[in-house]
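Residue-level structure breakdown
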Amino acid sequence: MSCSCQTEEKAAIQRVSTETQISALEELINRYKGVEGSLISVLQGIQEMYGYLPRPVLEYIAKRLDIKKARIYGVATFYAQFRLTPVGKHLILLCQGTACHVNGADKIEAALCDELGVEMGGTTENRLFTLTEAACLGCCSLAPVMMIDGQAYGPLTPDQARKVIRGILKQEEQSREEVGA
Ligand code: FES
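Residues numbered from 1 in each chain as written. Predicted model: local features only at pLDDT ≥ 70, side-chain atom pairs only at ≥ 80, totals over all residues. Heavy atoms only, no water.

1. Things to note about the packing of helix α7 (residues 105-116) against helix α8 (residues 158-180)
- Taken N-terminus to C-terminus, the directions of α7 and α8 make an angle of 35°; their axes are 8 Å apart at the nearest point. Handedness of the crossing formed by α7 with α8: right-handed. In this structure, α7 uses K107, I108, A111, L112, D114, E115 and L116 to contact α8, whose residues at the interface are P158, A161, R162, I165 and R166.
- For the contact of α7 with α8, the per-class residue count stands at seven nonpolar, no polar and five charged. (Axes fitted to C-alpha atoms, helices over the stretch in contact; angles between N-to-C directions. Helix = DSSP H or I, 4+ residues; strand = E, 2+ residues; numbered from the N terminus. Left-handed = near helix turned anticlockwise from the far one by under 90°. Contact = heavy atoms within 4.5 Å. Nonpolar A, V, L, I, M, F, W, Y, C, P; charged D, E, K, R; others polar.)

Laid out in structure tokens, this is it:
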């Protein structure tokens, strides 16, 4: 049964979702409704669908799953894996694990921040890149390493890090030209 407040919540998620996302969200809700201890799985599912945790969606699932908003935000902000703001098309994970740290991850960070014009954790204005820190990415032999869209790059120098970014930008420009052609 729905109430008017639930309808308002639904209208809010429609503003931030595609049809596919809405039906996937309903599936997720049906899968976990009434399942104890499933909040982290629900949040992981939402982040997989949207790339982050949109606030209207969190408010909607609070109603639908009958979980207090404070608890949802508590979990969403406690775990580093969750993001409450949208990410760029390409997510850059810069490793800050021990091997990468001792091999100059801070210099790579400085080069990336400069190249992208953002601080660590930021998203470029064109929404193409989000730069974020990660714990060990599991490929320490490549230290210092970054991962973009699941692909690892390393061992990096500051110049090589800049080149990787420029390469992706070039690909983006080419695909825009192809679409416009
Ligand atoms: S410390 Fe960077 S990949 Fe392991």
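2. Here's the deal with the nonpolar core
- The biggest cluster of nonpolar side chains holds 26 residues, and the ones touching the most others in it are L25, L43, I46, L53, L58, I61 and I72.
- Those elements that place two or more of their residues in this core are α2 (19-32), α3 (39-50), α4 (55-65) and α5 (69-78).
- Element by element, the count of residues in this core is highest for α4, at six residues.
- Ignoring anything within four residues of it in the chain, the contact list for I72 reads L39, L43, L58, I61, A62 and I67.
- Among the nonpolar cores identified, the runner-up in size contains 18 residues, and L94, L112, A161 and I165 belong to it. (Core = buried A, V, L, I, M, F, W, Y, C linked by side-chain atoms within 4.5 Å. Buried < 20%, exposed > 50% of the residue type's maximum accessible area, 1.4 Å probe, protein only.)

3. Regarding the sheet that holds strand β3 (residues 146-148)
- Spatially, four strands are ordered β2-β1-β3-β4 in an open sheet, and the strand pairing comes out mixed. Edge positions in the sheet fall to β2 (129-134) and β4 (151-153), since each has one partner strand and no second. Along the sheet, successive strands turn relative to each other by an average axial angle of 25°, direction set aside.
- Two strands pair when backbone bridges link them, and β3 and β4 are joined in this way by three bridges, in the antiparallel orientation. Looking at β4, one finds that M146 is bridged to Y153.
- Sheet strands touched by α8: β1 (90-95), β2, β3 and β4. Its angle to β3, the strand with the most contacts, is close to 5°. (Pairing = 2+ DSSP bridges.)

4. Brief notes about the packing of aromatic side chains
- Applying the stated criterion to the full structure yields two aromatic pairs.
- Ring plane angle 90° and centroid distance 6.3 Å describe the contact between Y79 and F82, whose orientation is recorded as edge-to-face.
- On the basis of relative accessible area, Y79 is assigned to the partly exposed category, the value being 32%.
- An aromatic cluster is defined as three or more aromatic residues linked by ring pairs; in this entry it consists of F78, Y79 and F82. (Phe/Tyr/Trp six-rings, centres within 6.5 Å; stacked < 30°, edge-to-face > 60°.)

5. Overview of the environment of G88
- For G88, the position within the fold is in the loop between α5 and β1.
- A C-alpha to C-alpha distance of 8.1 Å links G88 and N126, two positions 38 residues apart in sequence.
- With residues up to four places along the chain from it excluded, the contact list for G88 reads T123, R127, L128, F129 and T130.

6. Some details on the side chain of S17
- Tracing the backbone through its elements, the reader meets S17 in the loop between α1 (4-16) and α2.
- The buried category is assigned to S17, whose relative accessible area is 13%.
- Of the polar contacts made by the side chain of S17, one reaches the side chain of Y50; its length is 2.8 Å.
- Excluding residues within four positions of it along the chain, S17 makes contact with I22, Y50 and V57. (Polar contact = N/O pair within 3.5 Å; in protein donor to acceptor, adjacent residues only side chain to side chain.)

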